[in-house]
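What follows is the residue order along each chain.
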Amino acid sequence: MADAAATAGAGSSGTRSGSKQSTNPADNYHLARRRTLQVVVSSLLTEAGFESAEKASVETLTEMLQSYISEIGRSAKSYCEHTARTQPTLSDIVVTLVEMGFNVDTLPAYAKRSQRMVITAPPVTNQPVTPKALTAGQNRPHPPHIPSHFPEFPDPHTYIKTPTYREPVSDYQVLREKAASQRRDVERALTRFMAKTGETQSLFKDDVSTFPLIAARPFTIPYLTALLPSELEMQQMEETDSSEQDEQTDTENLPLHINTDDSGAEKENTSVLQQNPSLSGSRNGEENIIDNPYLRPVKKPKIRRKKTSLLLTSPGLHVPCRADRR
Amino acid sequence: MPPTGLEPARMNRKKGDKGFESPRPYKLTHQVVCINNINFQRKSVVGFVELTIFPTVANLNRIKLNSKQCRIYRVRINDLEAAFIYNDPTLEVCHNESKQRNLNYFSNAYAAAVSAVDPDAGNGELCIKVPSELWKHVDELKVLKIHINFSLDQPKGGLHFVVPSVEGSMAERGAHVFSCGYQNSTRFWFPCVDSYSELCTWKLEFTVDAAMVAVSNGDLVETVYTHDMRKKTFHYMLTIPTAASNISLAIGPFEILVDPYMHEVTHFCLPQLLPLLKHTTSYLHEVFEFYEEILTCRYPYSCFKTVFIDEAYVEVAAYASMSIFSTNLLHSAMIIDETPLTRRCLAQSLAQQFFGCFISRMSWSDEWVLKGISGYIYGLWMKKTFGVNEYRHWIKEELDKIVAYELKTGGVLLHPIFGGGKEKDNPASHLHFSIKHPHTLSWEYYTMFQCKAHLVMRLIENRISMEFMLQVFNKLLSLASTASSQKFQSHMWSQMLVSTSGFLKSISNVSGKDIQPLIKQWVDQSGVVKFYGSFAFNRKRNVLELEIKQDYTSPGTQKYVGPLKVTVQELDGSFNHTLQIEENSLKHDIPCHSKSRRNKKKKIPLMNGEEVDMDLSAMDADSPLLWIRIDPDMSVLRKVEFEQADFMWQYQLRYERDVVAQQESILALEKFPTPASRLALTDILEQEQCFYRVRMSACFCLAKIANSMVSTWTGPPAMKSLFTRMFCCKTCPNIVKTNNFMSFQSYFLQKTMPVAMALLRDVHNLCPKEVLTFILDLIKYNDNRKNKFSDNYYRAEMIDALANSVTPAVSVNNEVRTLDNLNPDVRLILEEITRFLNMEKLLPSYRHTITVSCLRAIRVLQKNGHVPSDPALFKSYAEYGHFVDIRIAALEAVVDYTKVDRSYEELQWLLNMIQNDPVPYVRHKILNMLTKNPPFTKNMESPLCNEALVDQLWKLMNSGDDGTYFCKLKIK
């Protein structure tokens, strides 16, 4: 009875799903296997003495069985591949079962048990063909240096690239327009964001959001921000300096540049000299030409001490004062 | 009252040289200043001075010195304790009990107070009694050493402390201190004889934090660590005799730059600004070379130092062998506009090193010689550096300024002579202040004084030639340098002092010319000349009948008698005529050279020899006169109002090559709004060879003309097509080219044209929509990415242009200004201002020029009733901690608000700031702005004018220790 109910259930579910099956051969194939498994589970249950079973438990058991068998198959395949074969042999299965903790020795006795039920073989259904991906173009044949057993080339569309270009915008007006509006949008968005996240001032008492002004914030050292060029400007200046090679560059500017560099170098040198008085002797006198009282080392106070000790301490002492000044 | 001066008879000891009489009964030869403790936290200074003096009279028993706000602990003379009295009458100018409160009374009291401590009269705040033990010593005229221990706490003037409130040590915070002040104000920071005429040698010692540098006058002899190694002492020696008033000091964590061209010149700036310093000072050696060359004299000091400091009292201050500049003069290579201004400041300070620091003056009434010479050689530098056009333009500008000032206030007297010192023969009774002392002057008067001084020097040059002029200067300098090297003959040192009579004597010796009339006219007497000229052409006699009238009765004017040059451009050429202006002759007949019959197709020769084609169709067929100029060389301090026909002005504008003439014709053409004027101006605007400043003023004139002829104007708004042609893309005329400011002339023009265009108005007196869109597009398409220079000034001027386009809002019965009734054009403008102002917070522009322009524009919108009038925004920008330019712009708006809205609260806020702001420059500036744009005037009824305010101002004036004196307009 239980068996009948189970099979009936299985059957009904089979027919129900069968109504759909005509549309999908792959589903059909899997459903047939599943139904067979269900029959197996039902018969095993009957064999174990169950008279009826709930559908849910049958399903669960079927699921477990299916997993178990799948696992055996998967493992067996691994073992066979491990030994560089493609078809599993019996020994692969045995190793698998052993590995899964199954006592193989009991298997022949179980197969020959008396009360076993024989169930009909599942109907033969064809393995569904995996639908071929849409082929686009002709697959390329292997070039002669590639052995033929190597996989085929994939479809051409997967590796052939056909770069496409949009007609570049070359209209000056459009470009300028675009640059201008882009900059404006960025600026507006940025300032609005800043205004929203910080304190604001407003020109209208009743409305603070239409024209939000970022609140004025006093600086501790106001002249720095006012006088030093921003990093953006510095960068820009370098760019224009390097890109521009027009002969217009005022002659005044060029020697000027060199000179500031010179002075920088000189200053660097003098400070080096002062840091390492021991080195100054070995250096050529060129850098020493500048004798400016502000660059001279600071003298030690007159203490009655041995001269040698003074000399020893002096190099170390000049360093901090130099460093402070920077 | 302070003790009266010493018996004058004893002071008149002749020194055996050029008649310099010291007002003091002793001669100072050497002074030591030692400041051994400077506390930035408490803003205090502790130190001592030691004066070495030689009595010049036997019974010297009191020594008067100058000292202000110093606390004096102890005075010793030759190691003997000496009693002393300290009294500073300027602390309370008028005594409390007096009920009289008017400007006249105050002015007299103030002059008396200043005079009571005037070192040039032998007076001083500090009176030291010579101990009786030394009387015998004194009688033998032996040396006295006066040792004074003093301290200074929270000084209100003289020394200015800048201490930013950030984390870190004082050096890391960039704290610094420097000496500052107006004229002789060294007494504010150490006791001395604070006179320009008392020279001595100096030893200066400053002990400062090891991370700081002390910069002072003379040669840095050595720097020595203190025993604890935490501080160091800078030892300076100044062997060239120098007046105490030329002593200065700057201490701070400066970055040091040795000038790559002149190793004895050292530049100092505040931390992080070194790259700017390098660029800014890279030009200085050329100024040195120029002055040394024209004066044929080496720079007198063995070294020179420039220090750039924050919160400067004035932009430029020159002291012996060092100059103190405002840090705001520093700029990078990307900045165009600031460069010439800064170079001017450098050149100005260097000129004063020669005349002002090295050569000092005998008395206050000789000040004009020093200011005149330094201003004059500075002008020569300007001519060489910026060209003749710029120079002439500058002279014209200065001339206009002094003329306007003198006509307004009644005269500037260069060389006041005070006979007997009685008030009744006060030579400047038209002024509300005494001109007897530099400290009683108004700031503006002194500026104008300097302006007039150099203009008069130029007049002298016109008379005796530049060559002789430079010889005179050379003579003064070589005399001085000989004297300065006489280390032990201090009586020779007075040769380093210049006096009016000595200078004039030099001139007559060198040139052999008598310039007495010129001196009498411009130096010994105040006032300028006002000419009115008109002419008629007498065809029969072929004579130009010129009528020149003078106004010498209005205040600030004087009568001119003497030669006057008139230049007449005729068809056959340009001819100079020298007229003799006499008492009663108004009419002058000038024969013409050309026949009025025009020789067709003949080129017309100009003054400079050029021959040009002219379209003569505009001129009067009967007259050969193209244009007439009166006093073309500006050799009289004058104002000329000349009448000639519009076409003559137009010819003058087009063809006269002198920039001053062009400028004058532009000014005159404003009165002739005709298509011909329009054409002449447009042509000038387009002419590349034309001086850029002339083209700039042509822009504004064109805008005015366009407005006057609005009903007949045809074509696009004035200047628009011109601008498009010059600065916009060829293919899309509404888009401006990406910025390239390589050509400064066109840069200035590009900046100015939109500002002038925004002044255009249509028939409804509104700014044409087309113009506004045009300016908005300029802002929109502004692209500076490829530019070598910063565009901050350009963008700032675009905002100014937007502000110029604003017209008063149409208000329906005083409705409240809200967003909803905002004019759509104003909305666009406000959108831009908001964006610019906000971007400034993220990417600040150089000197925050854009913020400044935005603030001004917002005030314009408020004033025109588009935006509710509210000073809150400006007050927040006016706070201490903003860049000074921003503060000034914001304060200007508050001052304006105070006037327009008659707000007592804001006036109080301003007065409070005047009293308490840490930056003296800002305090002065507020007062200055309040006097320029007073909240109410004398005869006006105003709720602001009440008893309490008068009390407050009176108190302010009475206790004022520096420039707080000039709030005159409001009291009455």
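- Chain B is annotated in an unreviewed UniProt entry as Transcription initiation factor TFIID subunit 2 from Neophocaena asiaeorientalis asiaeorientalis.
- For chain B, the Subcellular location (unreviewed entry) comment in UniProt is given as "Nucleus".
- What the UniProt record of chain B gives under Sequence similarities (unreviewed entry) is the line "Belongs to the TAF2 family."

- Chain A carries the name Transcription initiation factor TFIID subunit 8 in an unreviewed UniProt entry, which gives Neophocaena asiaeorientalis asiaeorientalis as its organism.
- What UniProt states about chain A under its Sequence similarities (unreviewed entry) heading is, verbatim, "Belongs to the TAF8 family."

### Here's the deal with the overall build of chain A
Turning to step 1, where the next piece is worked out: Of the regular secondary structure elements, chain A holds eleven helices and two strands.
Turning to step 2, where the next piece is worked out: From first element to last, N terminus to C terminus, chain A shows the α and β order α-α-α-α-α-α-β-β-α-α-α-α-α.
Turning to step 3, where the next piece is worked out: With 326 residues in all, chain A has 25% of them scored as buried.
Turning to step 4, where the next piece is worked out: Nonlocal contacts in chain A, meaning residues at least 24 apart in sequence, comprise 42% of its contacts between residues at least 6 apart.
Turning to step 5, where the next piece is worked out: In the form shown here, chain A has an accessible surface area of approximately 23,200 Å², with 59% of it arising from carbon and sulfur atoms.

### Let's talk about the domain arrangement of chain A
Turning to step 1, where the next piece is worked out: The domain boundaries assigned to chain A delineate domain 1 (27-112) and domain 2 (172-241).
Turning to step 2, where the next piece is worked out: For domain 1 of chain A and domain 2 of chain A, the distance between their C-alpha centres works out to 73 Å.

### A short note on the confidence of the model for chain B
Residues and elements named next belong to chain B.
Turning to step 1, where the next piece is worked out: Of all residues in chain B, 92% attain a pLDDT of 70 or more, and the chain-wide mean is 88.
Turning to step 2, where the next piece is worked out: Below pLDDT 50 for its whole length, residues 1-18 participates in 29 contacts with residues either more than four positions away or in separate chains.
Turning to step 3, where the next piece is worked out: Here residues 420-425 scores under 50 on pLDDT; set against residues more than four positions off or in separate chains, the count is three contacts.
Turning to step 4, where the next piece is worked out: Note on the complex model: pTM 0.80, ipTM 0.82.

### Considerations on the interface of chain A and chain B
Turning to step 1, where the next piece is worked out: In this assembly, 77 residues from chain A lie in contact with 101 residues from chain B.
Turning to step 2, where the next piece is worked out: Across the interface of chain A and chain B, roughly 8,000 Å² is buried in total on both sides, 61% from carbon and sulfur atoms.
Turning to step 3, where the next piece is worked out: Among the residues of chain A in contact with chain B, Tyr-223, Leu-227 and Tyr-294 of chain A are the three that bury the most area, contributing 10% of the side total.
Turning to step 4, where the next piece is worked out: At the boundary of chain A with chain B, the tally comes to five salt bridges.

### Overview of the state of the cysteines
Residues and elements named next belong to chain B.
Turning to step 1, where the next piece is worked out: One pass over the structure, following the stated rule, counts zero disulfides over all chains.
Turning to step 2, where the next piece is worked out: Cys-192 provides the cysteine sulfur closest to Cys-200, a residue in no disulfide bond, and the two sulfurs are 9.2 Å apart.
Turning to step 3, where the next piece is worked out: The exposure class of Cys-200 is buried, given its relative accessible area of 0%.
Turning to step 4, where the next piece is worked out: Left without a disulfide partner, Cys-699 is nearest to the cysteine sulfur of Cys-701, which lies 10 Å away.

### Some thoughts on the sheet that holds strand 23 (residues 529-538) of chain B
Residue and element names in this part refer to chain B.
Turning to step 1, where the next piece is worked out: Taken in spatial order, the four strands line up as 27-24-23-31 in an open sheet, and their pairing is mixed. The sheet is open, and its two edges are formed by strand 27 (587-591) and strand 31 (638-642), each paired on a single side. Ignoring which end each strand starts from, the neighbouring axes of this sheet average 25 degrees apart.

### Topic: the environment of Met-726 of chain B
Residues and elements named next belong to chain B.
Turning to step 1, where the next piece is worked out: Its place among the elements puts Met-726 in helix 17 (residues 720-727).
Turning to step 2, where the next piece is worked out: For Met-726 and Leu-749, which are 23 residues apart along the polypeptide, the C-alpha to C-alpha distance reads 9.8 Å.
Turning to step 3, where the next piece is worked out: Excluding residues within four positions of it along the chain, Met-726 makes contact with Leu-685, Arg-695, Lys-737, Leu-749 and Met-753.

### A closer look at the pairing of strand 23 of chain B
Each regular strand carries side chains that alternate between the two faces of the sheet.
All names here are of chain B.
Turning to step 1, where the next piece is worked out: Bridge count for strand 23 against strand 31 is five bridges, and the pairing is parallel. Residue pairing for strand 31: Lys-530 is matched across the bridge by Lys-639.
Turning to step 2, where the next piece is worked out: Where strand 23 folds back onto strand 24 (residues 543-550) in an antiparallel hairpin, the turn is made up of four residues, including Asn-542, whose phi is positive at roughly 50 degrees.

### With respect to helix 15 (residues 675-686) of chain B
Residue and element names in this part refer to chain B.
Turning to step 1, where the next piece is worked out: Under the 1.5 Å per step criterion, the end-to-end length of helix 15 is 16 Å for twelve residues, consistent within 8% with the ideal 16 Å.
Turning to step 2, where the next piece is worked out: When we look at burial in helix 15, the residues that qualify are Ser-677, Ala-680, Leu-681, Ile-684 and Leu-685. Taken end-on, helix 15 shows its buried residues confined to a sector of 140 degrees, consistent with a single buried face.
Turning to step 3, where the next piece is worked out: Considering only its buried residues, helix 15 is in contact with helix 13 (646-655), helix 14 (659-669), helix 16 (692-708), helix 17 and helix 18 (744-757).

### Some words on unusual backbone geometry
All names here are of chain B.
Turning to step 1, where the next piece is worked out: For Asp-79, which is not glycine, the phi dihedral falls at a positive 65 degrees.
Turning to step 2, where the next piece is worked out: Position of Asp-79 among the secondary structure elements: in the loop between strand 4 (71-77) and strand 5 (80-81).
Turning to step 3, where the next piece is worked out: Its identity as a non-glycine residue notwithstanding, Gln-272 has a phi of 80 degrees, on the positive side.
Turning to step 4, where the next piece is worked out: The class for Gln-272 is partly exposed, based on a relative accessible area of 49%.

### A closer look at the domain arrangement of chain B
Turning to step 1, where the next piece is worked out: If you check the domain split of chain B, you get domain 1 (26-91 + 125-339 + 349-360), domain 2 (361-523), domain 3 (530-636), domain 4 (715-810 + 818-868) and domain 5 (871-971).
Turning to step 2, where the next piece is worked out: Each of domain 1 of chain B and domain 5 of chain B has a C-alpha centre, and the two are 32 Å apart.

### Side note on the packing of helix 3 (residues 55-82) of chain A against helix 4 (residues 90-99) of chain A
The packing of two helices is summarised by the inter-axis angle and the distance between the axes.
Residues and elements named next belong to chain A.
Turning to step 1, where the next piece is worked out: Where helix 3 meets helix 4, the axes come as close as 8 Å, and the angle between the chain directions of the two elements is 120 degrees. When the axis of helix 3 is compared with that of helix 4, the two are oblique. Helix-helix and strand crossings are classified by hand; for helix 3 and helix 4 the assignment is right-handed. Touching Tyr-68, Ile-72, Ser-75, Ala-76, Tyr-79 and Cys-80 of helix 3 are Asp-92, Ile-93, Val-95, Thr-96, Leu-97 and Glu-99, all from helix 4.
Turning to step 2, where the next piece is worked out: Looking at side-chain class alone, the contact of helix 3 with helix 4 contains eight nonpolar, two polar and two charged residues.

### Description of the nonpolar core
All names here are of chain B.
Turning to step 1, where the next piece is worked out: Ranked by internal contacts, the top residues of the largest apolar core, which has 334 residues, are Ile-63, Tyr-291, Phe-355, Trp-368, Ile-460, Phe-473 and Phe-503.
Turning to step 2, where the next piece is worked out: Excluding residues within four positions of it along the chain, Tyr-291 makes contact with Ala-347, Gln-348, Leu-350, Ala-351, Phe-354, Ile-377, Tyr-378 and Trp-381.
Turning to step 3, where the next piece is worked out: Residues Val-93, Cys-94, Tyr-110 and Val-114 belong to the second largest nonpolar core, which totals seven residues.

### Notes on the pattern of salt bridges
Turning to step 1, where the next piece is worked out: Considering all chains together, one arrives at 60 salt bridges over all chains under this definition.
Turning to step 2, where the next piece is worked out: Taking the shortest distance from any N to any O, the salt bridge between Arg-113 of chain A and Glu-47 of chain A comes out at 2.4 Å. In this pair, Arg-113 of chain A is assigned in the loop between helix 5 (106-111) and helix 6 (172-197) and Glu-47 of chain A in helix 2 (residues 25-47), connecting sequence segments 66 residues apart.
Turning to step 3, where the next piece is worked out: For Arg-113 of chain A, a relative accessible area of 17% puts it in the buried group.
Turning to step 4, where the next piece is worked out: In this structure, the salt-bridge partner of Arg-539 of chain B is Asp-622 of chain B, at a minimum N-O distance of 3.6 Å.

### Here we look at a nonpolar patch on the surface
All names here are of chain A.
Turning to step 1, where the next piece is worked out: Taken together, the side chains of Leu-90, Ile-93, Val-94 and Val-98 define a hydrophobic patch exposed on the protein surface, amounting to about 340 Å² of accessible area.
Turning to step 2, where the next piece is worked out: Counting through the fold element by element, Val-98 comes out in helix 4.
Turning to step 3, where the next piece is worked out: Since its relative accessible area comes to 49%, Val-98 is described here as partly exposed.

### Points about the UniProt feature "domain: Bromodomain associated" (unreviewed entry) in chain A
Turning to step 1, where the next piece is worked out: Sequence positions flagged by UniProt for "domain: Bromodomain associated" (unreviewed entry) are, in local numbering, residues 29-106 of chain A.
Turning to step 2, where the next piece is worked out: What you have in residues 29-106 of chain A is 74% helix and 0% strand, and the ends, taken at the C-alpha atoms, are 32 Å apart.

### What to know about the confidence of the model for chain A
All names here are of chain A.
Turning to step 1, where the next piece is worked out: Averaged over all residues, the pLDDT of chain A is 71; the fraction at 70 or higher stands at 65%.
Turning to step 2, where the next piece is worked out: Within chain A, helix 3 carries the highest mean pLDDT (92), whereas helix 10 (residues 277-280) carries the lowest (36).
Turning to step 3, where the next piece is worked out: Residue range residues 1-21 is modelled with pLDDT below 50. Its contacts to residues more than four positions away, or to other chains, number 20 contacts.
Turning to step 4, where the next piece is worked out: Segment residues 243-287 is flagged for pLDDT under 50; beyond a separation of four residues in sequence, or across chains, it makes 43 contacts in the model.

### Overview of the packing of aromatic side chains
Between two aromatic rings, the relevant description is the distance of the centres plus the angle of the planes.
Residues and elements named next belong to chain B.
Turning to step 1, where the next piece is worked out: Evaluated as defined, the whole model comprises 45 aromatic pairs over all chains.
Turning to step 2, where the next piece is worked out: Relative to Phe-304, the ring of Tyr-299 lies with its centre 5.7 Å away and its plane at 75 degrees, an arrangement referred to as edge-to-face. Phe-304 carries the same exposure label as Tyr-299, and that label is buried.
Turning to step 3, where the next piece is worked out: Judged by centre distance (5.5 Å) and plane angle (85 degrees), the ring pair of Trp-381 and Phe-386 falls under edge-to-face.
Turning to step 4, where the next piece is worked out: Site record: aromatic cluster; members linked through ring pairs are Phe-288, Phe-290, Tyr-291, Tyr-299, Tyr-301, Phe-304, Phe-354 and Phe-358.
Turning to step 5, where the next piece is worked out: Above the ring of Trp-713, the side-chain terminus of Arg-678 is found at 3.5 Å from the ring centroid.

Reading the values: the criteria
- Residues numbered from 1 in each chain as written.
- Chains lettered and ligands numbered in written order.
- Predicted model: local features only at pLDDT ≥ 70, side-chain atom pairs only at ≥ 80, totals over all residues.
- Heavy atoms only, no water.
- UniProt positions renumbered as here; feature names shortened; annotations may be inferred.
- Helix = DSSP H or I, 4+ residues; strand = E, 2+ residues; numbered from the N terminus.
- Buried < 20%, exposed > 50% of the residue type's maximum accessible area, 1.4 Å probe, protein only.
- Contact = heavy atoms within 4.5 Å.
- Areas by Shrake-Rupley, 256 points an atom, 1.4 Å probe, with all protein chains shown as cover.
- Domains from an automatic or database assignment.
- pLDDT = per-residue confidence, 0-100.
- Buried area = accessible area lost by both parts, 1.4 Å probe.
- Salt bridge = Lys/Arg side-chain N within 4 Å of Asp/Glu carboxyl O.
- Disulfide = S-S within 2.5 Å.
- Pairing = 2+ DSSP bridges.
- Axes fitted to C-alpha atoms, helices over the stretch in contact; angles between N-to-C directions.
- Expected span 1.5 Å × (residues − 1).
- Arc of directions from axis to C-beta.
- Parallel < 35°, antiparallel > 145°, perpendicular 65-115°, else oblique.
- Left-handed = near helix turned anticlockwise from the far one by under 90°.
- Nonpolar A, V, L, I, M, F, W, Y, C, P; charged D, E, K, R; others polar.
- Core = buried A, V, L, I, M, F, W, Y, C linked by side-chain atoms within 4.5 Å.
- Patch = residues over 30% accessible without salt bridge, like charges linked within 9 Å, V, L, I, M, F, W, Y side chains within 5 Å.
- Phe/Tyr/Trp six-rings, centres within 6.5 Å; stacked < 30°, edge-to-face > 60°.
- Lys NZ or Arg CZ within 6 Å of the ring centre and 35° of its normal.

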